[in-house]
Amino acid sequence: MAYSVREERQSLAVSLREDLAEAERMIVQLRRHNVEQFLQLLDLIEERFLELESYGLDLRPEYTRWASLHSKLRREAGRIVRVIDVAGGLDTLRQANPPAEGFWWRLDAVVAESRRRLLRRLGITLGTIVALLVVVWVLLTFVFPPDPNTVVASEAISTLQQLAFEGRWEEALAVIEEAVSRLTQPDAELLIWEGVIRGKLGQDERAREALAEAKSLVPPGKLVAYWWSLGSVQLSVGDVEDARTAGFEAIGLDNSDPQGYFLLASVAEVTGDTVCAVDLFEETFQLAADSNPQLAVIARVRMGNLLQRPANMPLLGDDQTADANEEGGNGEQAEESDNGLPESCAGI
């Protein structure tokens, strides 16, 4: 009799392990034709555990596998429910397999609860984002409102850049005059644009007045910013020689300021002096790495783009580039070396 009980116990334990192995295989390849069989197998495994508990066997390894299977059922509930839906839906299967008490017979409720939790999390996240945006809006609108002059000048300059690209000088001047009428105090960058645009229209006297006023607004010791700002605007409207002059003025005032080198690098790029432009962008990167990381990144990108081109592809015509190189060979290299330019830029 004792032998019979022991044999039955061992047979049940072996069947339990085989059923667990079968369930672990089936869960990864469930289809409409075997999903009901899979759910019935889970019922059978649960019954095996209940039968074997009375024998006092050490079933810890099996319980570990059973818990892992439960976890996988919950993690992949959405996929399993979709397969069940193809097979007729859980309601139909529950009615065909009473009492259907295991949680696997109610995976649709597990999926619904998971979706509710996800929606709650999304709601909390979106609510937090909206609250932060409201706080930022309140701070910018009521606590730290932007300077109206800065807003007017920035909007005007953005429009001017496009108009300058298209050579629409009269329209650009109209934008400047309209912006100036709205300002409560003069803006140095807008005045620089006015000076350059009036110069393009032949209004030389008024151009000089606008630039002089812009220069007077720059704090003492910060004139280098005036020159590279002026040079950048001049370059954007095609006044390459004036931009080059402004770049040398900036470096002459402060040969450690990366903006001056960046301006001259842009001039070299436009005139087709690729080798010089690459060296100057590298110089810009070295000087800006700590003080102006954004400019350093831009310089590296521009340099990378240039390195993909054939060297010395002039954009302004071979004659102009040749003239510039000849001038560089007539004694200007030493003077430019004093400004800290690389030897490759002797002809700039």
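Residues numbered from 1 in each chain as written. Predicted model: local features only at pLDDT ≥ 70, side-chain atom pairs only at ≥ 80, totals over all residues. Heavy atoms only, no water.

1. Some remarks on the side chain of glutamine 259
- Relative to the assigned elements, glutamine 259 resides in helix α13 (residues 258-271).
- Leave out the neighbours within four places in its chain, and glutamine 259 touches Trp228, Asn292 and Leu295. (Helix = DSSP H or I, 4+ residues; strand = E, 2+ residues; numbered from the N terminus. Contact = heavy atoms within 4.5 Å.)

2. Looking at the confidence of the model for the chain
- Mean pLDDT for the chain: 84, with 86% of residues reaching 70 or above.
- Note that pLDDT drops below 50 for residues 311-338; the model gives that stretch 33 contacts with residues more than four away or on any other chain. (pLDDT = per-residue confidence, 0-100.)

3. Some thoughts on the state of the cysteines
- Using the criterion set out here, one finds 1 disulfide in the structure.
- Here cysteine 276 is linked by a disulfide to cysteine 345, with a sulfur-sulfur distance of 2.0 Å. Handedness of the cysteine 276-cysteine 345 disulfide follows from its S-S torsion of about 110°: it is right-handed. Taken as a pair, cysteine 276 in helix α14 (residues 274-291) and cysteine 345 in the segment after α16 (318-338) lie far apart in primary sequence, 69 residues in all. (Disulfide = S-S within 2.5 Å.)

4. Remarks on helix α15 (residues 293-307)
- Taking 1.5 Å of rise per residue, the 15 residues of α15 would be expected to cover 21 Å, and the 21 Å separating its terminal C-alpha atoms lies within 8% of that figure.
- On its buried side, α15 packs onto α13 and α14. (Expected span 1.5 Å × (residues − 1).)

5. Things to note about helix α8 (residues 169-182)
- With 14 residues, α8 extends 20 Å from end C-alpha to end C-alpha; this agrees with the ideal 20 Å at 1.5 Å per step.
- Taken together, the buried positions of α8 are Trp169, Ala172, Leu173, Ile176 and Ala179. When α8 is viewed along its axis, its buried side chains cluster within an angular range of 125° and face the same direction. Those residues of α8 that are exposed and aimed more than 90 degrees away from the buried face are Glu170 and Ser181.
- Along its buried surface, α8 packs onto α7 (148-165) and α9 (188-200). (Buried < 20%, exposed > 50% of the residue type's maximum accessible area, 1.4 Å probe, protein only. Arc of directions from axis to C-beta.)

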